[in-house]
Amino acid sequence: MTMPQPDPQALAHSAVLAARIGDAIRADGGWLPFDAWMARALYEPGLGYYAGGAHPFGAGGDFVTAPELSPAFADCIAAQVGEWFAHCDPVVIEFGAGTGRLAAGVLGALRALGRPAHRYAIVELSGTLRAQQRETLARLVPEALDTVEWLDALPATIDGVVIGNEVLDAMPVRLFEHAGDGALDEIGVAADDAGGFRWAARPADAGLREAVAEALRAAVRADPYGDDGDGAQAADVPWALLGPGRYRSELGLQAAAWIGTVGRALRRGAMLLVDYGFPAREYYHPQRDGGTLIAHRRHHAHGDVLRWPGLQDVTAHVDFSAAARAASDAGLALLGYTSQARFLLNCGLLERLAEATRGGAVDPGSVRALGAVQTLLSEAEMGELFKVIAFGRGLPPVPLGFVRGDRSGSL
Ligand SMILES: C[S@@+](CC[C@H](N)C(=O)[O-])C[C@H]1O[C@@H](n2cnc3c(N)ncnc32)[C@H](O)[C@@H]1O
C-alpha cells in the first residue's frame, strides 16, 4: 500500500508552515535543534499538526489510539482512577485528550462505579480538538458535561489524578549521534534551497552531553545482568554501550521536564501515563542504532519526518527510566510500571468482556469489540510495546493495575 499524496490545499498549508520554520532557521544562524523544529511542526498555532485543524485520529486519520479502539480501555483506566479516589480528591486532569473518547468513557465508568469525578479538567493545546472533545462529551455523557472544564495551562497545584494517553510521545525530543568513543554530535535541522529541510550535525554542547551520559548510566544501572558500578565507575560514561559505529537516538528532555513540573504541582494524588516505549536498557540498546523517531501519515509509519510539516505526526518512543527519574526528582513515588496488556488485565478487562458478551450473542458488533480488545492486549500489537506507569504522592502502594506483573525493577 503506498502512502497517499496530500492534496494541493494540504500541500499549500504545509508550505506556509515550512516557510515560517525556514525563516526561524535562517534567523537562528542556519540551524535549529530538532526539538525546536518538532515543536513548530506539531504545535505552531494555526498550522502545526496538532494545532492546525488536521484530523489525526481514527480510521480516516493518521493513527488509531487505544481509547478510539475500544471503550474497554477507558473502563480499565476508570477502575484504577476510582480506586485512587478513595485516597485523594475525586478530580481528574487529562492532558492532550484527543477526540474526548477517553474523557467520556472515564466519566461514564466512574459514575457506574459509584465514584463520580467532581471535576474533570482537560489541558488541551488545540482549539479544534477542544471543540471536538466538547461534542463527544455532549453526545456520550451529557449528564457529566457540567463537571468538565478546559484549561489553557498547567494548574499551579493539583489534587487528584492526572492521566495522559500517548502524550509523552508527542513531546519534542533532542537528537544525538555518537560516532564511537565519546564523539557526540547533536542532530538538528537546516533549511534546503527548495523550501524543505535536511539533517545537520553540530558538536553536542555540554548540557546535551551530560543528558546523554545520564541516560546511558541509567541503561547500565538497570541491567540486571550487568555491572552495577560503584561510585567511581558511575562517574564514567558507558559510551561502549552504543557500540563502535554510528548510533543515533533521542532524548525526551521536554517529557522529563513536563513530568517534573506536573509532579511538583501534585500535592496529593497520582499520575497515570500510557505510552509506547521501554526502560533505558532497551531504549539505548546497541541494536537500536537508528533511534525511534518516526512519522505517521494515513496509517503509514515512515522515517521521512522532515517532510510535509503540519501534515504528519512526528513521534518518538518514551524512555520510561528517564520518566521515573524525573518523577523521583519531583518527590513522587513510583507506584507501578507494567505492560498495557498486564495493566488492562489487572484492571479486570476480561471480566468486563465476559459481562458484555453474557448471553452468548455473537453479532458483528461483539466480534468487532473482541477484535479491538485483542489489539489492545496482543503482544504483536499494543499489549507489550505500550506501557503504563504510575507515580503518586500520599497514596498507598501497589495500585490495582500493577498487582501482578509489575516491572518497576527494570527501570
Ligand atoms: C497522540 S495524541 C493522543 C491523544 C489522546 N490522548 C488519545 O489517546 O487519543 C497526543 C496529544 O498530546 C497533546 N500534548 C502534547 N504535549 C502536551 C502538553 N504539554 N500539554 C497538553 N497536551 C499535550 C497533543 O496536543 C496531542 O493532542
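Further up the page is the structure itself.
Residues numbered from 1 in each chain as written. Predicted model: local features only at pLDDT ≥ 70, side-chain atom pairs only at ≥ 80, totals over all residues. Heavy atoms only, no water.

Engineer: Describe the pairing of strand E2 (residues 91-95), with residues and values.
Structural biologist: Counting buried residues along E2, 5 of its 5 residues qualify, which places the element largely inside the surrounding structure. Residues Val91, Ile93 and Phe95 point to one face of E2 and Val92 and Glu94 to the other, with burial holding for every one of them. In the sheet, E2 pairs with strand E3 (residues 119-123) via 5 bridges, with the strands oriented parallel. Following the sheet pairing, Glu94 is matched in E3 by Ile122. Bridging between E2 and strand E5 (residues 158-165) involves 3 bridges; their strand directions are parallel. Residue pairing across strands places Ile93 opposite Val162, the latter belonging to E5. (Buried < 20%, exposed > 50% of the residue type's maximum accessible area, 1.4 Å probe, protein only. Helix = DSSP H or I, 4+ residues; strand = E, 2+ residues; numbered from the N terminus. Pairing = 2+ DSSP bridges.)

Engineer: Give a description of the site of the ligand that names residues and reports values.
Structural biologist: Taken together, 19 residues lie around the ligand, and Tyr43, Thr65, Gly96, Asn165 and Glu166 are the ones closest in. For the ligand, an oxygen atom lies 2.6 Å from a polar atom in the side chain of Thr65. Gly96 has a polar backbone atom sitting 2.7 Å from a nitrogen atom of the ligand. Within the complex, the protein chains bury 93% of what would otherwise be the 600 Å² of accessible surface of the ligand. Its residues assigned to classes, the shell around the ligand shows 13 nonpolar, 4 polar and 2 charged. (Near = heavy atom within 4 Å. Polar contact = N/O pair within 3.5 Å; in protein donor to acceptor, adjacent residues only side chain to side chain. Areas by Shrake-Rupley, 256 points an atom, 1.4 Å probe, with all protein chains shown as cover. Nonpolar A, V, L, I, M, F, W, Y, C, P; charged D, E, K, R; others polar.)

Engineer: Go over the packing of aromatic side chains with me, naming the residues and quoting the values.
Structural biologist: Inspection of the entire model under this criterion finds 12 aromatic pairs. With a centroid separation of 4.9 Å and 85° between ring planes, the pair formed by Phe95 and Trp258 is classed as edge-to-face. Residue Phe95 is found in strand E2, and its partner Trp258 is found in helix H9 (residues 253-265); the two are separated by 163 residues along the sequence. For Phe95, a relative accessible area of 6% corresponds to the buried category. Judged by relative accessible area, which is 13%, Trp258 ranks as buried. One aromatic cluster is present, built from ring pairs that chain together Phe34, Trp37, Phe197 and Trp199. Stacked on the ring of Trp199, the Lys or Arg Arg248 has its end atom at 5.3 Å from the ring centre. The ring centre of Phe278 lies 4.0 Å from the NZ or CZ of Arg288, which sits over that ring. (Phe/Tyr/Trp six-rings, centres within 6.5 Å; stacked < 30°, edge-to-face > 60°. Lys NZ or Arg CZ within 6 Å of the ring centre and 35° of its normal.)

Engineer: Requested: an account of the environment of Val314, with residues and values cited.
Structural biologist: With respect to the helices and strands, the residue Val314 is situated in strand E13 (residues 313-315). As a C-alpha pair, Val314 and Met171 span 143 residues in sequence and 9.2 Å in three-dimensional space. Dropping the residues within four chain positions of it, Val314 is found in contact with Phe34, Met38, Leu42, Asp169, Leu293, Ile294, Ala295 and Val305. (Contact = heavy atoms within 4.5 Å.)

Engineer: Got a sec to walk through unusual backbone geometry? Specific residues and values, please.
Structural biologist: Of all residues except glycine, most have a negative phi; of all peptide bonds, most are trans. The backbone of His299 shows a phi angle near 65°, a positive value even though the residue is not glycine. You can see His299 is positioned in the loop between strand E11 (294-297) and strand E12 (300-302). Judged by relative accessible area, which is 38%, His299 ranks as partly exposed. Residues other than glycine seldom take positive phi values, yet Trp308 does so here, at roughly 50°. Note that Trp308 resides in the loop between E12 and E13. Given the relative accessible area of 11%, Trp308 is considered buried.

Engineer: Which residues make up the nonpolar core, and what values do they have?
Structural biologist: By size, the foremost hydrophobic cluster in this structure holds 51 residues, and its most contacted members are Ile77, Tyr120, Leu137, Ile163 and Leu272. Among the elements that make up this core, the one with the highest residue count is helix H4 (residues 71-85) (10 residues). Those residues in contact with Tyr120 that lie beyond four places of it in its chain are Val92, Glu94, Leu102, Ala103, Val106, Leu107, Thr147, Val148, Glu149 and Ile163. Counting 46 residues, the second-largest nonpolar core is a separate cluster that includes Leu129, Tyr283, Leu293 and Ala316. (Core = buried A, V, L, I, M, F, W, Y, C linked by side-chain atoms within 4.5 Å.)

Engineer: Break down the pattern of salt bridges for me, with residues and values.
Structural biologist: Counting across every chain of the model gives 16 salt bridges. Put simply, Glu135 and Arg139 hold a salt bridge, and the shortest N to O gap is 3.1 Å. A residue pair is termed a helical-turn pair when its members lie 3 or 4 positions apart in one helix, as Glu135 and Arg139 do in helix H6 (residues 127-140) at 4 residues. A salt bridge links Asp205 to Arg174; the nearest nitrogen and oxygen atoms lie 3.8 Å apart. (Salt bridge = Lys/Arg side-chain N within 4 Å of Asp/Glu carboxyl O.)

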